[in-house]
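Now for the letters of each chain:
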Amino acid sequence: MLRLPGLIDPHVHLREPGAIHKEDFDSGTSAALAGGFTMVLAMPNTKPPIFDAATLELALHAAKQKARCDYAQYVGAGPGNAETVASLADKAAALKMYLDVTFGQLRLDDMTLWIPHFETYPKGYPIVAHSESRSMAAAILFAAIYDRPVHIAHISHQEEVLLIKAAKEKGIKVTCEVCPHHLFLIAGESPSPSGRGVRGASRMEVRPRLATQKDVDALWDNLDVIDCFATDHAPHTLEEKDSENPPPGFPGLETALPLLLTSVDVGRLTLDDLIQKMYFNPKKIFRLPDQPETWIEVDENAEYEIKAENQFTRCGWTPFEGWKVKGRVRKVVLRGKTAFEDGKILVEPGYGRNVRG
């Protein structure tokens with residue numbers, strides 16, 4: 001067995017509060033453990049969004065009752081809550097700013113609304129930006145102006161990774177993450193080697209959108225620039241994905257590690273790279289605590305096909321249906337207790353701890 005540290009996913013959508021038919025803290029953290037993750041950071045664009053003390057408490061109360069792995073909850077930047085979220089920084093994973101299209105209380109229509117957050121949010125924690133292309137360039141400019149760390153979520157294009165590389169070379173405090181679906185899926189192509197399991201373009205809706213082969217190649221060619229692998233686990237039901245207006249997003253917690261371990265097996269990635277980007281770097285960037293007596297055991301020689309029917313996520317599908325992978329999580333030990341073993345979750349809801357508690 002290959003023994004690895006408990007992995008950290010800095011970008012998951014657990015859909016609680018407001019959309020627990022897709023996922024909740026119970027099913028989502030079960031999926032995390034099955035995927036080898038012992039800590040997840042949950043995004044704030046829920047219903048209602050997490051943008052003040054009351055909504056943060058709403059999410060944390062649900063997590064305390066249900067979470068099976070450790071967790072922290074983001075707060076979201078809105079047009080008038082800079083001082084409020086800054087006061088909650090020690091209780092939150094970090095601040096999330098949606099700099100492209102979003103809705104409701106987290107909508108930031110122009111850059112003047114960014115300024116109070118960059119001025120006020122404590123510099124000990126990063127601002128995490130959903131930003132694409134030009135808005136990403138603007139976020140990096142703000143990081144330079146305000147001399148503070150900014151973490152760019154789910155980069156997907158050649159121009160983005162090259163700009164981040166240049167910014168790092170200039171000493172700007174920018175880090176970034178990439179999602180497995182942006183490393184393995186190409187816009188307009190069948191996601192499965194056999195074409196099985198995914199019907200039509202609607203199930204391939206995701207933000208940022210899937211990119212071209214040139215973009216995917218650029219991400220692989222510049223892995224040294226990328227700090228973290230993050231799933232952006234964003235489950236929706238099959239009924240929703242197959243509708244006329246499909247919501248964007250994929251489940252990813254249970255497929256990330258086997259996909260990346262398969263890349264290690266074929267020499268596209270080193271095991272040290274994987275550990276750095278799935279444990280050490282997110283731990284450092286987000287100032288996350290140690291998890292004592294925590295590790296995962298992986299059968300690195302196990303070969304199998306990814307099947308949604310074997311997963312714990314509530315949404316019931318995966319864009320990687322039918323993919324052949326090598327590397328299966330056999331056991332997860334969290335704080336001295338076996339939390340997952342041979343396909344079974346062995347800890348109760350509520351065993352997970354708030355790492356900002």
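Residues numbered from 1 in each chain as written. Predicted model: local features only at pLDDT ≥ 70, side-chain atom pairs only at ≥ 80, totals over all residues. Heavy atoms only, no water.

A. Structural view of the sheet that holds strand β7 (residues 127–130). Strand order in the open sheet formed by six strands is β5-β6-β7-β8-β9-β10, and the pairing between neighbours is parallel. Each of the sheet's edge strands pairs with one partner strand only, and the pair in question is β5 (75–76) and β10 (228–229). Across two bridges, the pairing between β5 and strand β6 (residues 95–98) is parallel. Bridging from a neighbouring strand, G76 pairs with K96 of β6. Strand contacts of helix α6 (residues 158–169): β8 (150–152) and β9 (174–178), with the helix running at about 150 degrees to β9, the strand carrying the most contacts. (Pairing = 2+ DSSP bridges. Helix = DSSP H or I, 4+ residues; strand = E, 2+ residues; numbered from the N terminus. Contact = heavy atoms within 4.5 Å. Axes fitted to C-alpha atoms, helices over the stretch in contact; angles between N-to-C directions.)

B. Local environment of the side chain of T175. You can see T175 is positioned in strand β9. Contacts of T175, omitting those with residues within four sequence positions, involve V150, H151, I152, K168, D227 and I285.

C. Representation of the pairing of strand β13 (residues 337–341). Examined bridge by bridge, strand β12 (residues 324–334) and β13 share four bridges and lie antiparallel to one another. Paired with L334 across the strands is K337, a residue of β13. What sits between β12 and β13 in their antiparallel hairpin is a turn of two residues, with R335 showing a positive phi close to 55 degrees. Linkage of β13 to strand β14 (residues 344–345), two consecutive antiparallel strands, is achieved through a turn of two residues, within which D342 is found at a positive phi near 45 degrees.

D. Examining the nonpolar core more closely. With 97 residues, the main nonpolar core has Y121 and I152 as its most contacted residues. Per-element accounting of this core gives the leading share, six residues, to helix α5 (residues 134–146). Excluding its chain neighbours within four sequence positions, the residues that come into contact with I152 are A129, S131, M136, A139, I164, V174, T175, C176 and E177. Core analysis: the next-biggest nonpolar cluster, separate from the first, contains 19 residues, M39, M43, L106 and I285 among them. (Core = buried A, V, L, I, M, F, W, Y, C linked by side-chain atoms within 4.5 Å. Buried < 20%, exposed > 50% of the residue type's maximum accessible area, 1.4 Å probe, protein only.)

E. Looking closely at the environment of K326. Secondary-structure assignment places K326 in strand β12. On the basis of relative accessibility, which here comes to 18%, the residue K326 falls in the buried class. Setting aside residues no more than four positions away along its own chain, K326 makes contact with P258, L261, T262, D265, E300, N301, A302 and E303. Within the structure, K326 has its side chain in polar contact with the side chain of D265 (distance 3.4 Å). (Polar contact = N/O pair within 3.5 Å; in protein donor to acceptor, adjacent residues only side chain to side chain.)

F. Region of the structure containing unusual backbone geometry. Here the amide bond leading from E16 into P17 is cis, since omega sits at 10 degrees, within 30 degrees of zero. Within the fold, P17 resides in the loop between β2 (7–12) and α1 (25–34). Of the consecutive residues K47 and P48, the connecting peptide bond is found in the cis state with omega at 0 degrees. Structurally, the position occupied by P48 is in the loop between β3 (37–42) and α2 (53–66). Look at R287: it is not a glycine, yet its phi comes out positive at around 55 degrees. For R287, a relative accessible area of 48% gives the class partly exposed.

G. Molecular detail of α5. The end-to-end C-alpha distance of α5, which contains 13 residues, comes to 18 Å, matching closely the 18 Å that a straight helix rising 1.5 Å per residue would cover. Among all positions of α5, only S135, M136, A138, A139, I140, F142 and A143 are buried. Tucked inside the fold, the buried residues of α5 contact α4 (115–120), β7, β8, α6 and β9. Of the residues flanking the end of α5, it is D147, one or two places downstream, whose phi is positive at about 50 degrees. (Expected span 1.5 Å × (residues − 1).)

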